[in-house]
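# Per-entry structural report
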Amino acid sequence: QVQLVESGGGLVQPGGSLRLSCAASGSLFRFYTMGWYRQAPGKQRDLVATITSGFGTNYADPVKGRFTISRDNAKNTVYLQMNSLKPEDTAVYYCHVSGKDYWGQGTQVTVSS
């Protein structure tokens, strides 16, 4: 199993930025496709972005052009840079290992004036 720990969430004004981090355990991190998901209260958990072992990326339509996913394999860490934040981005953000039931504890992002 892989342990995942998210950090970097907080309160930000609309139009602001945050960078989330997900620190992973294990020696196989570099081979995994990693993802960020988010879940607002009362709603399902939705995919935000993914990044493959070859650094290919995919984004959900609502965040395209605003969010960037990246990874540092030497640090076993995946990042989500979030720019031009909107109130609709408010959610708990979770780190995920693709194809497995490995999730972090989540970090709260609140976008409000």
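Bear in mind that the values here come from a model prediction, so they are computed numbers and not experimental data.

The next subject is the nonpolar core. Core analysis: the biggest nonpolar cluster contains 28 residues, and Leu4, Met34, Trp36, Val78, Leu80, Met82 and Tyr93 have the highest contact counts within it. Residue assignment for this core shows that the elements contributing at least two residues are strand E3 (18-24), strand E4 (34-39), strand E5 (46-51), strand E7 (67-72), strand E8 (77-82), strand E9 (91-97) and strand E11 (107-111). Apart from residues lying up to four places away in sequence, Leu80 is in contact with Leu18, Arg19, Leu20, Trp36, Val48, Ala49, Phe67, Thr68, Ile69 and Tyr93.

Below, the discussion takes up the packing of aromatic side chains. Per the counting criterion, the structure on display carries two aromatic pairs. Note on Tyr37 and Trp103: the rings are 5.1 Å apart at their centroids and 75 degrees apart in plane angle, and the pair reads as edge-to-face. Taken together, the residues span a long stretch of sequence, with Tyr37 in strand E4 and Trp103 in strand E10 (residues 102-103) at a distance of 66 residues. Centroid distance Tyr94 to Trp103: 6.5 Å. Interplanar angle 90 degrees. Geometry classified as edge-to-face. Put simply, the rings of Tyr37, Tyr94 and Trp103 pair up and form one aromatic cluster.

As a further point, take the environment of Glu6. Looking at the element boundaries, Glu6 is found in strand E1 (residues 4-7). Between the alpha carbons of Glu6 and Gly104 there is a distance of 6.2 Å; along the sequence they are 98 residues apart. Non-local contacts of Glu6, meaning those with residues more than four positions away in its chain, are made with Ser21, Cys22, Trp36, Tyr93, Tyr94, Cys95, Gly104, Gln105, Gly106 and Thr107. Engagement of the side chain of Glu6 in a polar contact is seen with the backbone nitrogen of Gln105, the distance being 2.8 Å.

Turning next to the sheet that holds E8. Read across the open sheet, the four strands follow the order E1-E3-E8-E7; overall the sheet is antiparallel. Edge positions in the sheet fall to E1 and E7, since each of these pairs with one other strand and no more. Going across the sheet, the axis of each strand differs from the next one's by a mean of 15 degrees, ignoring polarity. Pairing between E3 and E8: six bridges, direction antiparallel. Bridging across to E8, Arg19 finds its partner in Gln81.

What follows deals with the environment of Thr33. Relative to the assigned elements, Thr33 resides in the loop between E3 and E4. Judged by relative accessible area, which is 25%, Thr33 ranks as partly exposed. Considering only alpha carbons, one finds Thr33 and Phe55, 22 residues apart in sequence, at a separation of 8.8 Å. Ignoring any residue separated from it by four or fewer positions in sequence, one finds Thr33 in contact with Thr50, Ile51, Thr52, Ser53, Arg71, His96, Val97 and Ser98.

Another aspect to go through is the pattern of salt bridges. The tally for this structure, following the rule as stated, stands at three salt bridges. In this structure, the salt-bridge partner of Asp89 is Arg38, at a minimum N-O distance of 2.9 Å. Within this pair, whereas Asp89 is found in the loop between E8 and E9, its partner Arg38 is found in strand E4, the two being separated by 51 residues in sequence. There is no split in this pair, since Asp89 and Arg38 are both buried. In this structure, Asp61 and Lys64 form a salt bridge, with 2.9 Å as the shortest nitrogen-oxygen distance. Among the charged side chains, a salt-bridge network with shared partners connects Arg38, Arg66 and Asp89.

The rules behind each value
- Residues numbered from 1 in each chain as written.
- Predicted model: local features only at pLDDT ≥ 70, side-chain atom pairs only at ≥ 80, totals over all residues.
- Heavy atoms only, no water.
- Core = buried A, V, L, I, M, F, W, Y, C linked by side-chain atoms within 4.5 Å.
- Buried < 20%, exposed > 50% of the residue type's maximum accessible area, 1.4 Å probe, protein only.
- Helix = DSSP H or I, 4+ residues; strand = E, 2+ residues; numbered from the N terminus.
- Contact = heavy atoms within 4.5 Å.
- Phe/Tyr/Trp six-rings, centres within 6.5 Å; stacked < 30°, edge-to-face > 60°.
- Polar contact = N/O pair within 3.5 Å; in protein donor to acceptor, adjacent residues only side chain to side chain.
- Pairing = 2+ DSSP bridges.
- Axes fitted to C-alpha atoms, helices over the stretch in contact; angles between N-to-C directions.
- Salt bridge = Lys/Arg side-chain N within 4 Å of Asp/Glu carboxyl O.

So far we have only geometry, and geometry alone does not tell us how the molecule works.
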